[in-house]
There are 2 protein chains.
Amino acid sequence: MAYKEKYPSELLSDAVEAISSLPGVGRRSALRLALHLLKQPQENVHHFTGAIDRLRDEVHYCRHCRMISDDDVCSICSDHTRDRRLICVVESVRDVMSIENTGQYHGLYHVLGGIISPIGGVGPSDLTIRELVDRVAAMESPAEAEVILALSGDVEGETTSFYIYRQIAGYGVRVSSLARGLGFGDDLEYADELTLGRSIVNRQEFRP
Amino acid sequence: MAYKEKYPSELLSDAVEAISSLPGVGRRSALRLALHLLKQPQENVHHFTGAIDRLRDEVHYCRHCRMISDDDVCSICSDHTRDRRLICVVESVRDVMSIENTGQYHGLYHVLGGIISPIGGVGPSDLTIRELVDRVAAMESPAEAEVILALSGDVEGETTSFYIYRQIAGYGVRVSSLARGLGFGDDLEYADELTLGRSIVNRQEFRP
């Protein structure tokens, strides 16, 4: 970028470089943010950077479900009102937050930390699949339990679901996946054929 | 936000809070950025926060023009090929960078650090107007010098230009303002380089 040589200060240039390394933040936005931070009181800036450093340095991952947590066991796994017979398998921390936000699920989770992707160089051993299998194997009555595969509906998500299914089906646990179909309020006209097709095949009884 | 109570970790909540304090960054983007940083190697995150801390802690302001700088005197003021008879008065550091980027200007600058704004509670004494008057007063031959008022074309910019004009006109220095190639009310920062460059070249005598 031609801009780079024009930075009036190495410190500014370094900060812009660092900020623009964030996903979705261009050089122009990074400059704007750097100059904004420069105008803030020093203690506010230290509070800002401190919060980020502490997050990275001190965060824990729940030893059961691998969700991020302030403690060794996360607030969901240590909540005894949750249904321990349900394990919802998701790709990321954000997925847990999205599902929690619906208020519709009261079981436990398992965060894979990614998805099987030969192109991205992510294999089963890079994820927490081993830990999931261990959780299932340790269940007292697997026949009464259910593992919900809540992964993306793309090829990588399907591949990962299939891989996990093969690992855990032998324990007699029930395995389900998310219902797929039209979103609420979706227009038929704009739905892709695959989604629409699935919606027809998996149609449900009309309960007005 | 209902989201807040759902954060699985205080550390994450604090980081999201800090990141969303940046202008133009909502809570959702902040969460995305926090989780991105969480996945980076620890040293990368420390490099990121370190660059921001260093910028805030170690940056200098040029003692002549108040531009940010790594030293006591900025690279423009210490560049002896620049025309010392020209002082371009701008609101902010970003404006200097914008004008430098046009490649059309080879004089010096003076960064006001803001603009007179009764509503925003910014008066002349909050800006570096005193320092600008001192620079003009110290000129050996002010009649050969020129002060270019390169402020925004809105009411506050005009007010500030007029205030500065009254402070420095008595020293016999020529005072000009940017050519009205910019639309009225346009922000310098968002002007394209051609328009901004033309505005500098075709600057006009300030006639209040």
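Residues numbered from 1 in each chain as written. Chains lettered and ligands numbered in written order. Predicted model: local features only at pLDDT ≥ 70, side-chain atom pairs only at ≥ 80, totals over all residues.

Engineer: So what exactly am I meant to see when it comes to the overall build of chain A here?
Structural biologist: The helix and strand tally for chain A stands at seven helices and six strands. Mapped from its N terminus to its C terminus, chain A presents α and β elements in the order α-α-α-β-β-β-α-β-α-β-α-β-α. The C-alpha atoms of chain A give a radius of gyration of 22 Å, which is well past the 17 Å a tight globule of 208 residues would have. By its C-alpha atoms, chain A is 65 × 50 × 40 Å across when sized along the principal axes. (Helix = DSSP H or I, 4+ residues; strand = E, 2+ residues; numbered from the N terminus. Rg over C-alpha atoms; globule rule 2.2 N^0.38 Å.)

Engineer: Explain the sheet that holds strand 7 (residues 204-205) of chain B to me, please; I cannot follow it from the model alone.
Structural biologist: Pairing between the strands of a sheet comes from backbone hydrogen bonds, and it takes one of two forms, parallel or antiparallel. Residues and elements named next belong to chain B. Overall, mixed pairing links the five strands, which are arranged 4-3-5-6-7 in an open sheet. Edge positions in the sheet fall to strand 4 (107-111) and strand 7, since each has one partner strand and no second. Looking at chain direction, strand 3 (residues 83-90) and strand 5 (residues 146-149) are connected through four bridges and run parallel. Its bridge partner being in strand 5, Ile87 is matched across the sheet by Val147. (Pairing = 2+ DSSP bridges.)

Engineer: It is not clear to me how the environment of Gly120 of chain B should be interpreted in this structure. Could you clarify?
Structural biologist: For Gly120 of chain B, the position within the fold is in the loop between strand 4 and helix 5 (129-137). Once the C-alpha coordinates of Gly120 of chain B and Ser176 of chain B are considered, the two residues, 56 residues apart in sequence, prove to be 26 Å apart.

Engineer: I tried to follow the interface of chain A and chain B on my own but got confused; where do I start?
Structural biologist: Interface size is commonly expressed as the accessible area that is lost once the parts come together. In this complex, chain A contributes 46 residues to the contact, which on the side of chain B involves 46 residues. Counting only elements with at least two residues in the side of chain A that touches chain B, the list comes to helix 1 (10-19), helix 2 (27-39), helix 3 (42-58), strand 2 (68-69) and helix 4 (93-102) of chain A. Take the side of chain A that touches chain B: its biggest share by element is 14 residues, from helix 3 of chain A. Broken down by class, the residue content of the side of chain A that touches chain B amounts to 25 nonpolar, 10 polar and 11 charged. (Contact = placed C-beta atoms within 7 Å. Nonpolar A, V, L, I, M, F, W, Y, C, P; charged D, E, K, R; others polar.)

Engineer: Would you explain the pairing of strand 6 (residues 174-177) of chain B in this entry?
Structural biologist: Consecutive residues of a regular strand have side chains that alternate between opposite faces of the sheet. Residue and element names in this part refer to chain B. Residues Val175 and Ser177 of strand 6 are buried on one face, while the alternating residues Arg174 and Ser176, pointing to the opposite face, are not. Alignment of strand 5 against strand 6, held across four bridges, turns out to be parallel. Residue pairing across strands places Ile148 opposite Ser176, the latter belonging to strand 6. Viewed along the sheet, the connection from strand 5 through helix 6 (residues 155-168) into strand 6 turns out right-handed. Where strand 6 meets strand 7, two bridges bridge the pair, whose relative direction is antiparallel. Looking across to strand 7, one finds that Ser176 is bridged to Glu205. (Buried ≥ 20, exposed ≤ 12 C-beta atoms within 10 Å, placed from the backbone. Right-handed = clockwise from strand over helix to strand, strands pointing away.)

Engineer: Help me understand the pairing of strand 4 of chain B, please; the structure alone is not making it clear to me.
Structural biologist: Residue and element names in this part refer to chain B. Burial analysis of strand 4 places four of its five residues in the buried class, which makes it a mostly covered element. By the bridge criterion, five bridges tie strand 3 to strand 4 in an arrangement that is parallel. Paired with Val90 across the two strands is Val111, which belongs to strand 4. One crossover worth recording links strand 3 to the parallel strand 4 by way of helix 4 (residues 93-102), and it is right-handed.

Engineer: How do you make sense of the domain arrangement of chain A when you look at a structure like this?
Structural biologist: Domain parsing of chain A yields domain 1 (2-58) and domain 2 (68-177). Each of domain 1 of chain A and domain 2 of chain A was reduced to a C-alpha centroid, and the two centroids are 36 Å apart. (Domains from an automatic or database assignment.)

Engineer: Where do I start with helix 1 of chain A in this structure?
Structural biologist: In an α-helix, one full turn covers 3.6 residues, which means residues spaced three or four apart are oriented alike. Of all the 10 residues making up helix 1 of chain A, seven are buried; the element is thus mostly covered by neighbouring parts of the structure. Those residues of helix 1 of chain A lying buried are Leu11, Leu12, Ser13, Ala15, Val16, Ala18 and Ile19 of chain A. The inward-facing, buried residues of helix 1 of chain A abut helix 2 of chain A together with helix 3 (42-58) and strand 2 (68-69) of chain B.

Engineer: When you look at the environment of Ser117 of chain A in this model, what are you seeing that I'm missing?
Structural biologist: All names here are of chain A. Residue position: Ser117 is located in the loop between strand 4 (107-111) and helix 5 (129-137). Between the C-alpha atom of Ser117 and that of Gly157, which follows or precedes it by 40 residues, the distance is 8.8 Å. Residues within four places of Ser117 in sequence aside, it is in contact with Val122 and Glu156.

Engineer: I tried to follow the sheet that holds strand 4 of chain A on my own but got confused; where do I start?
Structural biologist: Residues and elements named next belong to chain A. Spatially, four strands are ordered 4-3-5-6 in an open sheet, and the strand pairing comes out parallel. Edge positions in the sheet fall to strand 4 and strand 6 (174-177), since each has one partner strand and no second. Across the sheet, the axes of successive neighbouring strands diverge by a mean angle of 25°, strand direction being ignored. (Axes fitted to C-alpha atoms, helices over the stretch in contact; angles between N-to-C directions.)

Engineer: What am I meant to see in unusual backbone geometry here?
Structural biologist: Most peptide bonds take the trans configuration, and most residues that are not glycine carry a negative phi. Of note, the phi angle at Arg66 of chain A is positive, near 70°, even though the residue is not glycine. You can see Arg66 of chain A is positioned in the loop between strand 1 (60-61) and strand 2.

Engineer: Is there a simple way to think about the nonpolar core in this case?
Structural biologist: A general tendency of soluble globular proteins is for nonpolar side chains to be buried together. Ala15 and Val89 of chain A together with Ala15 and Val89 of chain B are the most contacted members of the largest nonpolar core, which totals 101 residues. Once residues lying within four places of it in the same chain are set aside, the contact partners of Ala15 of chain A are Ala34 of chain A together with Ala51, Ile52 and Leu55 of chain B. (Core = buried A, V, L, I, M, F, W, Y, C linked by C-beta atoms within 7 Å.)

Engineer: Quick question: what am I supposed to make of the packing of helix 3 of chain A against helix 3 of chain B here?
Structural biologist: Contact pair helix 3 of chain A / helix 3 of chain B: the axes reach a minimum separation of 10 Å and the direction vectors enclose 175°. Considered as vectors, helix 3 of chain A and helix 3 of chain B are oriented roughly antiparallel to each other. Here helix 3 of chain A contributes Gln42, Val45, His46, Thr49, Ile52, Asp53, Arg56 and Asp57 of chain A to the contact with helix 3 of chain B, which in turn contributes Gln42, Val45, His46, Thr49, Ile52, Asp53, Arg56 and Asp57 of chain B. Residues of the contact of helix 3 of chain A with helix 3 of chain B, tallied by class, amount to four nonpolar, six polar and six charged. (Parallel < 35°, antiparallel > 145°, perpendicular 65-115°, else oblique.)

Engineer: Looking at this structure, I do not really get the confidence of the model for chain A. What am I missing?
Structural biologist: Do not read the predicted coordinates in detail wherever pLDDT is low. The predicted model of chain A averages 89 in pLDDT, with 96% of residues at 70 or higher. Of all the helices and strands in chain A, helix 7 (residues 193-201) of chain A carries the lowest mean pLDDT, 77, while helix 5 of chain A carries the highest, 96. (pLDDT = per-residue confidence, 0-100.)

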